Amino acid sequence: MRREVRRHFPLFSAGMMLTLAISGALVQAQAVPGRSRTPGLPLSPTRRVDDTQLKQVIVFGRHSVRAPVADNSVLNNFSAQPFPSFPVATGLLTPNGAALEKILGGYYRLWLTKEGLLTGDDLSDAASVYFRANVLERTIVTAQSLAAGMLPAANINVNFLGPQESDPLFDPVGAGVARLDARMAVAAVNGRLAGDPQSLTSAYAPELTLVRSILFNYPAGETPVPATPANKIDVTAIPIEVTAGTSGAPVDIAGLSAVFGAIDPFIMEYAEGLPSAEVGWGQLSAVGLSQTARLYNLGIDLEYRTPYLAQVQSSNVASHIVRSMVQAATGNTMTGALGNPSTKVVVLIASDVNVCGFAGLLHIDWLVQGYPPDYCAPGGDMVFELRQSQRTGEYMVRASYVVQTLDQLHNKTALTLAAPPAIAPLFIPGCSVGNATFDCPLADFVKVARHAIDPLSADLTN
Amino acid sequence: MKNHVRSLSSLSAAGLALALIVSGAPAQGQSAPGTSVASRGVAHHVDDTKLKQVIIFARHAVRSPVLPNSTLDAFSAQPFPLFSSSLSNITTNGTQNETILGGYYRLWLTQQGLLTGNDPADAAFVYARANNLPLIMDTAQAFWTGLLPGASVNVNSYPAQQNDPLFVPINAGVARLDMRMAVASVMGRLGGDPQSLASAFAPELALTRAILFDYPVGQTPPPATPDGKLDVTALPIAVTPGTDAQPVNLGGLATVIGAIDPFVMEYADGLPPAEVGWGHLTAADISQNTRLYNLVLDLEYRTPYLARVQSSNTASHIVRSLVQAATGNTMTGALANPSTKVIVLTAANTNITGLAGLFHLDWSLPGYPPDTCSPGGALVFELRQSQSTGEYIVRTSYITQSMDQLRNRTPLTITAPPAIAPLFVPGCSRGNATFDCPLEDFVGVARHAIDPLSADLTN
């Protein structure tokens, strides 16, 4: 208990430092007359004219389409028919994934050029970007592909650590920056499940039933339910329990993790553009695909959005994102920020666990047609725009979730400003105002982050 | 924005006040030896705590549907069944179930030493409050009949035309809802496109339509809407400013909720199988259907901005009542008095959902989808004191009869209890099996969660 209390104090001092550093921006905003608004009155009509200019953008995304993370020799134990082949080995980005990410990068190029953040002169723009990827091949190649689409004439350096290292931004527990209390981790998850994780099998019975029917190749709802084929494992029948995790996951959700492994290929089969007969062996509709993805999301929710786990695992990336924005707004180099004060585009590429965890830390939700709520899809990005009002000088953060739809992925659809990816504007609780883009004053964003971030789970490395 | 900033600074002022007032209690805990980090792992395996106060924040019992059958029947191929009551009133079985549940709490609280068996004497140490709808006041009466059968407990409620600030703080003028923020905070969880819910919840809407129009789910092509009927699952979903009754209007989804609201009640009230979804709804289907109901509750009451506006006042009163009992000193904004041992607040699922959302509490129990606020279900806050250190802790759980316990009016005992979900309170709970949360940390979490401009200091 005493340790818990101690953890709370540094939070405030770190926050104060942030506020201090940002005070230049605040003073600037407050000094301009006509900014204040009487509480209770509707926002003035002038607010509807967006007089803000984009000063910096931070893109925090998941890698694009990859081969399944489990090998077919393992997966085939879970299914009546063999899983389809992907063109690359386990867990690697597919060539289509790279092409898709380049398409997405091309969209960002169009958008950021229109916003005046990119100039069309790639070589000079390259000096104002910072790319960072987690140590995995799929995240590195995704970042390189995004760069190739965004700044095709430049050779962008993607920063990443060695394959055996843990990047503190994306794996802070592995890197020793954050410490996970295994007992708290189990309690935090069990305490969302009435201490009885097995009850998930009834709560998610329709999804588990659907998954079983796809894996064992019979119509969903067939009665009596066919027996498990000889020599196969029914992943939907493995007891679910929450125990201390491994380096790969903060808690071990036995049973459910086997289900994740078995369904992980489905979205990728569709997004990769495999023939219909190879998407859930021809039995998975778009609705069915989305419904099975709920189980995947359940795992992500429990492991990465559970408040204690989000705080431990996502504080460091949150801290770096917020500090990078403050650094850009103040123009002063700041500890714990990325790039430098003149960096205009920051791109961080990691995994769904990172993106979803960060969203959970700030209690951010979204919904995009075709995906379940809060789904972190291949190539999907949380995008944070640092914008400045041209009239008042005020800095604000505008957040969105940008993602190719499943069909845009499946069809490798070209993206333009007129035919963009799906864009979900995000309301940041405790910060966003009530306008259509849910703008969040930077000073308030710092406060929200200050409360959300555990400073003992973050470092001040630049 | 200025409004927002001001509300944040008053928040910390109120928080400080709370922390100041509560400081007596933690000091007691800290002055005692044995609370150090080193000892906590092993020491906590033995539960040396004693229950000092319990606050039960409960939903009403099984009721008849909210909409009249004359309205409901426009949504379904066959007429909806009749209940033993009409129009959102408690049913005969609902009354009985609530007394059974009250009886369980009697056994538990007697075992815990909070009740003595002498009901008239115990009645001096209880506080009952119910929102002023007949359904809810009747629920409270039935519950107290089970809890203290030998006493006549006065259930406090506001006169019929008034708004209880504890349960409807906006209408009571204690909290102010900014309509534009309300809409934005919900839209901003839905990508600005609420209609996407129709695809995200397609399986549940398909199931609902199949039940309402009486065909096997999955039948292709789906049959046309019967003549003269309204397909509630096809109504456009939107988010617009709400009414007195709900913070935002969800368009077609609100109508879907009206149409499916009877199903859980049909099952829980023990209607014959042929009258539960016209004989088509299994218990598993009801659970799946209830996801739509929970979706609406989530959007309207768990959305962070809405939870803050709507549930801060209840949260404030609950926390202050716990502090009052721990310190033994009368406190502004608390309920009853320092010697009150049992507080029962009876309201609706919107209230329970909102308070749980404000504290980011989740649960999952067999037969219900996650975070369901079932009939009679309650958030239970136990104020407990360590006998070795004097430290006060809060132990939180969600307690509810299972769907089958409701349906069968199953007797409840200590050995055959209702479903009990121990709750982890984020930012506060420890890693032990009951997720104990030190009172001072609970105050800290509440301080951040509560918007003092949405709470009053009335006792």
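This one's a predicted model, so the numbers in the text were calculated from it and none came from an experiment.

Reading the values: rules and limits
Residues numbered from 1 in each chain as written. Chains lettered and ligands numbered in written order. Predicted model: local features only at pLDDT ≥ 70, side-chain atom pairs only at ≥ 80, totals over all residues. Domains from an automatic or database assignment. Contact = placed C-beta atoms within 7 Å. Helix = DSSP H or I, 4+ residues; strand = E, 2+ residues; numbered from the N terminus. Bend = angle between axes of the 7 residues up to and from the residue. Buried ≥ 20, exposed ≤ 12 C-beta atoms within 10 Å, placed from the backbone. Nonpolar A, V, L, I, M, F, W, Y, C, P; charged D, E, K, R; others polar. Core = buried A, V, L, I, M, F, W, Y, C linked by C-beta atoms within 7 Å.

Undergrad: Any chance you could break down the domain arrangement of chain A for me, citing the residues and the numbers?
TA: Residue and element names in this part refer to chain A. Domains assigned within chain A are domain 1 (24-35 + 43-173 + 310-457) and domain 2 (182-307). The gap between the C-alpha centroids of domain 1 and domain 2 is 27 Å. Listed per partner, the contact involves 35 residues of domain 1 and 32 residues of domain 2. Of all the secondary-structure elements, those providing two or more residues to the side of domain 1 that touches domain 2 are α11 (307-330), α12 (352-361) and α13 (406-410). Broken down by element, the residue count for the side of domain 1 that touches domain 2 peaks at five residues, all from α12.

Undergrad: Tell me about helix α12 (residues 283-302) of chain B, and please be specific about residues and values.
TA: Taken as a whole, α12(B) carries its principal kink of about 25° at B:L292. Of all 20 residues making up α12(B), 15 are buried, and the element is well covered by its neighbours.

Undergrad: Provide a residue-level description of the domain arrangement of chain B, including the pertinent values.
TA: Residues and elements named next belong to chain B. Considered domain by domain, chain B is made up of domain 1 (21-68 + 86-172 + 304-452) and domain 2 (179-301). On a C-alpha basis, the centres of domain 1 and domain 2 stand 29 Å from each other. Each side of the interface is counted separately: domain 1 has 30 residues, and domain 2 has 21 residues. At the level of elements, α5 (92-111), α13 (304-327), α14 (349-358) and α15 (403-408) are the ones that each hand at least two residues to the side of domain 1 that touches domain 2.

Undergrad: I'd like a rundown of the interface of chain A and chain B, residues and numbers included.
TA: Reports often express the size of an interface as the amount of accessible area lost when the parts come together. With 52 residues of chain A at the interface, the matching set in chain B holds 52 residues. Every element with two or more residues in the side of chain A that touches chain B is listed here: α1 (2-31), α6 (182-190), α7 (200-203), α8 (205-215), α10 (286-305), α11, β9 (422-425) and α14 (442-452) of chain A. Counting residues per element, the side of chain A that touches chain B draws most heavily on α6(A), which supplies four residues. Residues belonging to the side of chain A that touches chain B are distributed by class as follows: 28 nonpolar, 14 polar and 10 charged.

Undergrad: Outline α13(B), listing residues and values.
TA: All names here are of chain B. Maximal helix bending in α13 amounts to about 60°, located at S311. By the criterion of burial, α13 is predominantly enclosed, with 23 of the 24 residues buried. Positive phi appears at G328, one or two residues downstream of α13, with a value of about 80°.

Undergrad: If you had to explain the nonpolar core to someone new, which residues and values would you point to?
TA: Counting 283 residues, the largest nonpolar core has A:M325, A:I428 and B:L322 as its most contacted members. If one sorts the elements of this core by residue count, α11(A) sits on top with 12 residues. In contact with A:I428, not counting residues within four places along its chain, are A:L362, A:I364, A:A399, A:F438, A:C440, A:F445 and A:V448.

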